[in-house]
Amino acid sequence: MAVRITTWNVNGIRNPFAYQPWIDLRTYAAMFETLEADIIVFQELKIQKRDLKDDMVLVPGWDCYFTFPKHKKGYSGVAIYTRQAKVTPMKAEEGITGILSPVGLPTAISYLSLPPSEQIGGYPDLSREDALLLDSEGRALVLDLGAFVLIGAYCPANRDVTRDDFRHEFVRVLLERCRNLIKMGRKVVLTGDLNIARDEIDSAHAKDVMRQQGLKDFKDTPVRQMFHRFLEPHPEGVMVDLCRERWPDRRGMYTCWEQRIQARPGNYGARIDYVLCSSDVRTWFCDANIQEGLMGSDHCPVYATLHSEVPLGDGETTHLLDILNPKGKFINGVEQSEFQLSKVCQQPKLSGRLLPEFATRRSIKDMFSRKASGSSLTPPGGDTGGATGRGAIQSPQDTGSQLEGDPSLLADMAGSSKYNLEPNRFKSGSGGTTTPDNTGSAHSSGDDHKEPVERAAVASGNALSANQTTFSEVKLPAPAVLVRRDSQISGTKRGAPRQVVTGSQVSAPPKRLKASSSVTSNAASGAKSNPPAASKQASLAGFFRIQGSSRVNGPPDSAQSSSSTQMSTTVLSGDESAGGSPALAQTSMDEGNTNADCRDEPTPDKDSDQESEDQDTGAKGANTELEDKMHDPVAESKESWLRLFTKKQPPRCEGHGEPCKMLTTKKAGQNCGRAFWICAR
């Protein structure tokens, strides 16, 4: 499976979205797929760290690394995106001098002071002041990909004579870093906007430059001389220009055009964007070219493609993915599902996904594919199928806890006097992890997850989920005894024995009970009860009731009887402090039942038949009044939309009472185009 490296000076990371085809795609994931790249190096981001957005950092399937200028705002900046399915960076550094501090460590610690096993290496010998100056503008990122070291750079442009010394020194240090890495035996790929036109064939205005500067040879400038000696076929050359090697005589292969003079349509530009590789890996690449047809910046993308299988020497070959990732992740180009990255190496702390503002974010896809940390219980055996294999603990990428550092690594660093770590600067993961015990049951080590388990034990319906019922033992509080007061149970006469409901019986659906007027009397007498359950929808009829009219006011005498639309309430009071559930309030709607046995008074005799008939008549009147207040939300919504989009009716003439007609002023002047109403006659 081939791997493509693409470099592009975007002149502002959001700038491409103003051009086709990016204006229709509008996402970085779609842009990367269009570029068909696996490693993308952006230059000239023109943003600060605070300007990063979710769509820039949390690109599905991609890791990202950023460097920004330390002082000059909205200037330069470099980003590298790597496809997770093919590339796993092992180390990442900002700058080319090694003077900057790694993420999460004190400023006194730099990449230079890290142990050799944690360094990428090849640092040039500079004073601290010069090194800080060169790396203060966010112009370089260095990634260790195992097979080679990738350097993404944005060199200063040759526009201001006052910055010629800075430009010369930056290019010199960049090339020295590459030479040092090659001397260490590392393979190097240097890519980015180097702002150097290599030869006369690489610049449309080479003749003009030579005439203006009085040059006999286009290479007779300090920076071009250094660059010429750095590349083959010069005897001192250690790297190869892949595009020029593949297209040695191609003219007009420019990658940058001056926007102020609209030079791109006439292809009047220069080739200043490169993909360079060390001489020993030139055979790894099968293609290299520019993509001058892709708009979006004053530069165009440049790419180089690596073979799926590369030679290692002695006639042996290996799959590229096997050496572009930690050992064991790919075997013969096939990804191993049981591989666990956390056991081999940690994700570089420079990753944008580990920034505090993005570490806890998850995409919608992740919410369905990853387990929630801390709150999930561990099945017997402790195997959760997660990436880390440590119970319910998420991988560093999911939780973002590795932003502060790997716990094991930090423990070693804290015990070393070399780092002088501040106390309590680094904190380990959350305390809500779960660990299996000897019986195979799961217990939470944090107090945050105790309350949901207790609530699940006494909840009504299907209280325990399928995952929880598979455990051999779940420690739950003793079931609460819930007592229904006889005065609150409809249809129960005074003196009847109280009904006792244990915690195991709560899940049974309660019977539909008739309304009782004694509930109101109990509330008036100060009896303890839950807040009214009117906020919950008790039945389908409640959806059609006009808000605020939950009770129909009938005649005074009918208020003592239970109508067909009154709510019946069953209050279950429990001891919340003892671990049981809060008091439960059950509401139901009974229609067509107006029996008098819900009342506490004895059954009325024949002398009260006339009074009962009057009450029934009052209840029917209340039902009719409620039906009048019913409304159909669908019909009302449709009617509202029709009123919104229906053409306005013309006003009527005051003299004739007929609809007016609209005319538009066509005469030139300030009223041209204005519409007005006039009598149709």
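Residues numbered from 1 in each chain as written. Predicted model: local features only at pLDDT ≥ 70, side-chain atom pairs only at ≥ 80, totals over all residues. Heavy atoms only, no water.

Engineer: How should the sheet that holds strand E4 (residues 78–83) be read in this particular structure?
Structural biologist: Two pairing modes exist for strands in a sheet, parallel and antiparallel, and in both the strands are linked by backbone hydrogen bonds. The strand order across the open sheet built from six strands is E3-E4-E2-E1-E14-E13, with neighbouring strands paired in mixed fashion. The sheet is open, and its two edges are formed by strand E3 (62–67) and strand E13 (285–290), each paired on a single side. Across the sheet, the mean angle separating the axes of adjacent strands is 10° when strand polarity is ignored. Helix-sheet contacts for helix H2 (residues 28–35) involve strand E1 (3–9), strand E2 (39–43), E3 and E4, and the interaxial angle to E2 is about 115°. (Pairing = 2+ DSSP bridges. Helix = DSSP H or I, 4+ residues; strand = E, 2+ residues; numbered from the N terminus. Axes fitted to C-alpha atoms, helices over the stretch in contact; angles between N-to-C directions. Contact = heavy atoms within 4.5 Å.)

Engineer: How should the environment of Met184 be read in this particular structure?
Structural biologist: In this structure, Met184 sits in the loop between helix H5 (164–183) and strand E8 (188–193). Given the relative accessible area of 49%, Met184 is considered partly exposed. Sequence separation of Met184 and Gly122 is 62 residues, and the distance between their C-alpha atoms is 7.4 Å. The residues touching Met184, leaving out its near neighbours within four places in the chain, are Ile120, Gly121 and Gly122. (Buried < 20%, exposed > 50% of the residue type's maximum accessible area, 1.4 Å probe, protein only.)

Engineer: Is there a simple way to think about a nonpolar patch on the surface in this case?
Structural biologist: Together, Trp641, Leu644 and Phe645 make up an exposed nonpolar region whose accessible area comes to about 410 Å². In this structure, Phe645 sits in helix H20 (residues 633–645). (Patch = residues over 30% accessible without salt bridge, like charges linked within 9 Å, V, L, I, M, F, W, Y side chains within 5 Å. Areas by Shrake-Rupley, 256 points an atom, 1.4 Å probe, with all protein chains shown as cover. Salt bridge = Lys/Arg side-chain N within 4 Å of Asp/Glu carboxyl O.)

Engineer: In this structure, what is going on with the packing of aromatic side chains? I would like to understand it.
Structural biologist: This structure, assessed with the given rule, holds 12 aromatic pairs. Both rings, one in Phe32 and one in Tyr81, keep their centres 4.9 Å apart while their planes meet at 55°; by these two values the pair is tilted. Separated by 49 residues along the polypeptide, Phe32 in helix H2 and Tyr81 in strand E4 bring together distant segments of the chain. By the burial criterion, Phe32 is buried, and Tyr81 matches it. Judged by centre distance (5.9 Å) and plane angle (65°), the rings of Phe42 and Tyr81 are edge-to-face. Remark: Tyr81 occurs in strand E4 and Phe42 occurs in strand E2; sequence separation between them is 39 residues. Judged by its relative accessible area of 1%, Phe42 is buried. For Arg4, the ring lying beneath its charged end belongs to Tyr303, and the centroid distance is 3.9 Å. (Phe/Tyr/Trp six-rings, centres within 6.5 Å; stacked < 30°, edge-to-face > 60°. Lys NZ or Arg CZ within 6 Å of the ring centre and 35° of its normal.)

Engineer: I'm lost on the environment of Pro301 in this one. Help?
Structural biologist: Topologically, Pro301 is positioned in the loop between E13 and strand E14 (302–306). For Pro301, a relative accessible area of 0% corresponds to the buried category. Sequence separation between Pro301 and Leu35 is 266 residues, and the spatial gap between their C-alpha atoms is 8.5 Å.

Engineer: Any chance you could explain the side chain of Gln347 here in plain terms?
Structural biologist: Inspection of the secondary structure assignment puts Gln347 in the loop between helix H10 (341–344) and helix H11 (356–359). Within the structure, the side chain of Gln347 is placed 3.5 Å from the side chain of Asp63, a separation counted as a polar contact. Separated by 3.1 Å, the side chains of Gln347 and Ser351 make a polar contact. (Polar contact = N/O pair within 3.5 Å; in protein donor to acceptor, adjacent residues only side chain to side chain.)

Engineer: Explain the sheet that holds strand E9 (residues 239–241) to me, please; I cannot follow it from the model alone.
Structural biologist: Spatially, the six strands line up as an open sheet ordered E5-E6-E7-E8-E12-E9, and their pairing is mixed. Since the sheet does not close on itself, it has two edges, and those belong to strand E5 (91–94) and E9, each with one partner. Each strand axis lies, on average, 15° off the axis of its neighbour in the sheet, ignoring direction. Sitting on the sheet, H5 is in contact with E5, strand E6 (140–144), strand E7 (149–154), E8, E9 and strand E12 (273–278), with an inclination near 175° to E7.

Engineer: What is the right way to read the pattern of salt bridges from this model?
Structural biologist: A pair can form between side chains of opposite charge whenever their charged atoms are brought close. Under the counting rule described, the total for this entry stands at 27 salt bridges. Notably, a salt bridge pairs Glu36 with Arg4, separated by 4.0 Å at the nearest N-O pair. Of this pair, Glu36 sits in the loop between H2 and E2 while Arg4 sits in strand E1, placing them 32 residues apart in sequence. Overall, Glu36 belongs to the exposed group, its relative accessible area being 55%. The buried category is assigned to Arg4, whose relative accessible area is 14%.

Engineer: How do you make sense of the confidence of the model for the protein chain when you look at a structure like this?
Structural biologist: Low pLDDT means the predicted atomic positions in that stretch should not be read closely. Residues with a pLDDT of 70 or more make up 60% of the protein chain, whose mean pLDDT is 73. Across residues 513–535, confidence stays below pLDDT 50; counting only partners more than four residues off in sequence or on other chains, it has 36 contacts. (pLDDT = per-residue confidence, 0-100.)

Engineer: Would you take a moment to explain the pairing of E7 for this structure?
Structural biologist: In terms of burial, E7 is a largely internal element, six of the six residues being buried. Residues Val149, Ile151 and Ala153 line one face of E7 and the alternating positions Leu150, Gly152 and Tyr154 line the opposite face, and both faces are buried. The hairpin turn running from E6 into E7, its antiparallel successor, is four residues long, and Gly146 in that turn takes a positive phi close to 85°. Across six bridges, the pairing between E7 and E8 is parallel. Directly across from Tyr154, in E8, lies its bridge partner Asp193. At this point the chain moves from E7, through H5, to the parallel E8, and the crossover so formed is right-handed. (Right-handed = clockwise from strand over helix to strand, strands pointing away.)

Engineer: Which parts of the structure should I look at to understand the nonpolar core?
Structural biologist: Note on soluble globular proteins: their nonpolar side chains tend to be buried together. Counting residues in hydrophobic clusters, the biggest one holds 41 residues, and the most contacted among them are Phe148, Leu150, Trp284 and Phe285. Once residues within four sequence positions are removed from consideration, Phe285 is found in contact with Ile5, Val189, Leu242, Cys277, Ala304, Thr305, Leu306 and His307. Of all hydrophobic cores here, the second largest spans 29 residues; its members include Ala140, Phe166, Leu175 and Leu276. (Core = buried A, V, L, I, M, F, W, Y, C linked by side-chain atoms within 4.5 Å.)

Engineer: Help me out: how do you make sense of the side chain of Thr318 in this one?
Structural biologist: Counting through the fold element by element, Thr318 comes out in strand E16 (residues 316–319). Once residues within four sequence positions are removed from consideration, Thr318 is found in contact with Ser308, Glu309, Val310, Leu312 and Ile323.

Engineer: Explain the pairing of E12 to me, please; I cannot follow it from the model alone.
Structural biologist: In terms of burial, E12 is largely enclosed, as six of its six residues are buried. With burial as the criterion, each face of E12 is covered, one bearing Asp273, Val275 and Cys277 and the other bearing Tyr274, Leu276 and Ser278. Across five bridges, E8 lies against E12 in antiparallel orientation. What sits directly across from Asp193, in E12, is Asp273. The pairing of E9 with E12 spans three bridges and is antiparallel.

Engineer: Just checking my understanding: could you explain H2 for this structure?
Structural biologist: An α-helical turn contains 3.6 residues, so any two residues separated by three or four positions project in the same direction. Within H2, burial applies to Tyr28, Met31, Phe32 and Leu35. Along the long axis of H2, the arc covered by the buried residues comes to 95°, so they all point the same way. Looking at the buried positions of H2, the neighbouring elements they touch are E1, helix H1 (22–25), E2, helix H3 (54–57), E3 and E4. The opening residue of H2, the one whose side-chain oxygen lies 3.2 Å from the backbone nitrogen of Ala30, is Thr27. Directly beyond the C-terminal end of H2, a positive phi value near 55° is found at Glu36. (Arc of directions from axis to C-beta.)

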